[in-house]
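What follows is the residue order along each chain.
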Amino acid sequence: MTIRPDISKDLIRGATDGIILNVLSQGDSYGYQMVQQIAELSDGHYEINEATLYTVFRRLSKKGLIDSYYGSETQGGRRKYYHITEAGITELAQFRKDWQFAKNTITQLTTGVLKHD
Amino acid sequence: MIDDNLISTFLKPIFANYPQTDDSRDFYNEVAADVREAAQDLLDSNDATTPEQAVKLAVDSLGDLTEPLQLISGTQSPAISQNSSANSSWSADLITRIVMHADETKVNLVASPDDQIHVHQYQQPKLASTKVQIKTLENTLSIEAPSPRWFQYLIPFRHPKSTVEIALPSQFAGHLEAELKSGTLSIENVKNQLQAKVVLSSGSLSINHAWIKTLSAQINSGQFKARHFASNSLQLDVHTGTIQLSNVESTFDISTHSGTIKGNVLTGKGQFTAHSGALFLDWQHVNGDVTVINHSGTVKIQTPMKDSFKFDLQAKSGTVKVTRNATYSVQVLGAAIGQVGDRPQYDVKVEDHSGTIRLS
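Note that the structure is predicted; figures quoted are calculated from it, not measured. (Residues numbered from 1 in each chain as written. Chains lettered and ligands numbered in written order. Predicted model: local features only at pLDDT ≥ 70, side-chain atom pairs only at ≥ 80, totals over all residues. Heavy atoms only, no water.)

Draft legend 1. Here's a closer look at the overall build of chain B. Scanning chain B for helices and strands turns up 4 helices and 18 strands. Relative to its full complement of 360 residues, chain B shows a buried share of 46%. At a minimum sequence separation of 6, the contacts of chain B that also span at least 24 residues come to 44%. Entry remark: accessible area of chain B is about 17100 Å², with carbon and sulfur atoms responsible for 49%. (Helix = DSSP H or I, 4+ residues; strand = E, 2+ residues; numbered from the N terminus. Buried < 20%, exposed > 50% of the residue type's maximum accessible area, 1.4 Å probe, protein only. Contact = heavy atoms within 4.5 Å. Areas by Shrake-Rupley, 256 points an atom, 1.4 Å probe, with all protein chains shown as cover.)

Structure below.
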């Protein structure tokens, strides 16, 4: 049996928005911290880098799903925190429904057996 | 405590090519704060020994900032948005060795516009699975360009293409070790003290207007082409394929099992070996001994008209012809040993098992 410790990045790309919204729904966060939170959530099977997060942060901000603010001075610099908005919470709920539907359908498509008349 | 200046040393070159706006400054501050914290954690956990190493590792682990920078600065044009590009830069003082492994990738070695090493990947279409993986460990920069998966070739006319461009500054004096399974490696307009070692399973290696310290290349099946190229030594081992040299200056050590060696406007000295193939060597300037060993095939050597040299040409089953005014100690159908001019400065030696030798 092949052991595959890391999830395919091609496979997970479509779920990045949902992952970030889920993390922010549990508390405000910033780039470096979110990298670690996502590694923790996936039990180390998925790593995202800050560059990807920065791109998604801006895309979600543009859609009004998250907003940002600067925290207090820490270690000589001010962290930029992100916060989920009401629209973001609604989007996350919709994402979870869509994901459940897609997951069931893909499972059916990739494991189902055709009926032969 | 991580110094702001240290962070800007590593971050500013990444931001340098983008317009300075309020948004880009805001993004810089955001990234700098994350780098500062990551670098401090690396120091605290002893994963980095110096602040410089910690910041470098933290910046490397950010990933490719091209996409967010293009998004923020509005420089991303719809025409190129389907292509993925990865861009990273390093100070040439910190990197002394570059190791490149690639499958089915085109690798271009070019001159850097500044004093930094830049690695850039162009991909079409954008595939995370074939994105170049870059790691640094001490003074080594390791670049891995994985091959696309089989199913990514299923769509006609949309086969994935990947090009990795490595830009080297003029003061770079390190080593490059490149291993390509299939693909092409080109070196263009690179002038520095690079010592390159290339292993290519199948594909081509082409050089145009380059001047490096040494090049050693092993090509299993493919082509080697060099135009306007100079190096202290050029060592080539091409199993099956052609070798074309035009205006090349070096100390040559060239061998091919089955293939042709063609050289025009050559400068230097060295040894050329072929098992079955033809060798044509037209010398502009010879500064040392030239030895040619061929098992079966024609050998034609043109020497500079003003030169004085000794020659020893022997064909076991073939003919030898010298079209220069020469004095001979041996002159028979299959051998010619003698001298051209009064003050010989080098030796030309040719051994051909079955073939014709022409010296002019």
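Draft legend 2. Expanded view of helix α3 (residues 51-61) of chain B. All of the buried residues along α3 of chain B are Ala54, Val55, Lys56, Ala58 and Val59 of chain B. Positive phi appears at Gly63 of chain B, one or two residues downstream of α3 of chain B, with a value of about 95°.

Draft legend 3. Spotlight on the nonpolar core. Ile98, Ile166, Phe224, Leu234, Leu245, Phe272 and Leu313 of chain B are the most contacted members of the largest nonpolar core, which totals 71 residues. For this core, the element with the most residues is strand β9 (residues 195-258) of chain B, which contributes 21 residues. Ignoring sequence-local partners within four residues, the contact set of Ile166 of chain B consists of Ile98, Met100, Val107, Asn108, Leu109, Val110, His118, Val119 and Ile143 of chain B. Counting residues in each nonpolar core, the second largest holds 49 residues, with Ala51 of chain A together with Leu6, Ala48 and Leu62 of chain B among its members. (Core = buried A, V, L, I, M, F, W, Y, C linked by side-chain atoms within 4.5 Å.)

Draft legend 4. Local environment of the pattern of salt bridges. Evaluation of the coordinates by the stated rule reveals 9 salt bridges over all chains. Arg59 of chain A is the partner of Asp17 of chain A in a salt bridge, and the nearest nitrogen-oxygen pair spans 2.4 Å. Of this pair, Asp17 of chain A sits in helix α2 (residues 16-24) while Arg59 of chain A sits in helix α4 (residues 50-62); the two residues are 42 residues apart in sequence, bridging distant segments of the chain. A relative accessible area of 18% means that Asp17 of chain A is categorised as buried. In this structure, Asp60 of chain B engages Lys56 of chain B in a salt bridge whose closest nitrogen and oxygen atoms are separated by 3.4 Å. On the criterion of helical spacing, the pair formed by Asp60 of chain B and Lys56 of chain B is a turn pair, its members being 4 residues apart in helix α3. Residue Asp60 of chain B is classed as partly exposed on the basis of its relative accessible area, which comes to 30%. (Salt bridge = Lys/Arg side-chain N within 4 Å of Asp/Glu carboxyl O.)

Draft legend 5. Region of interest: the pairing of strand β12 (residues 299-302) of chain B. All names here are of chain B. Every second residue of β12 is oriented toward a common face, the buried set being Val299 and Ile301 and the non-buried set Lys300 and Gln302. Where strand β11 (residues 279-296) meets β12, 4 bridges bridge the pair, whose relative direction is parallel. By the bridge assignment for β12, Phe280 is matched with Lys300. Pairing analysis gives 3 bridges linking β12 to strand β18 (residues 357-359), with the strands arranged parallel. Counterpart to Val299 in the pairing with β18 is Ile357. (Pairing = 2+ DSSP bridges.)

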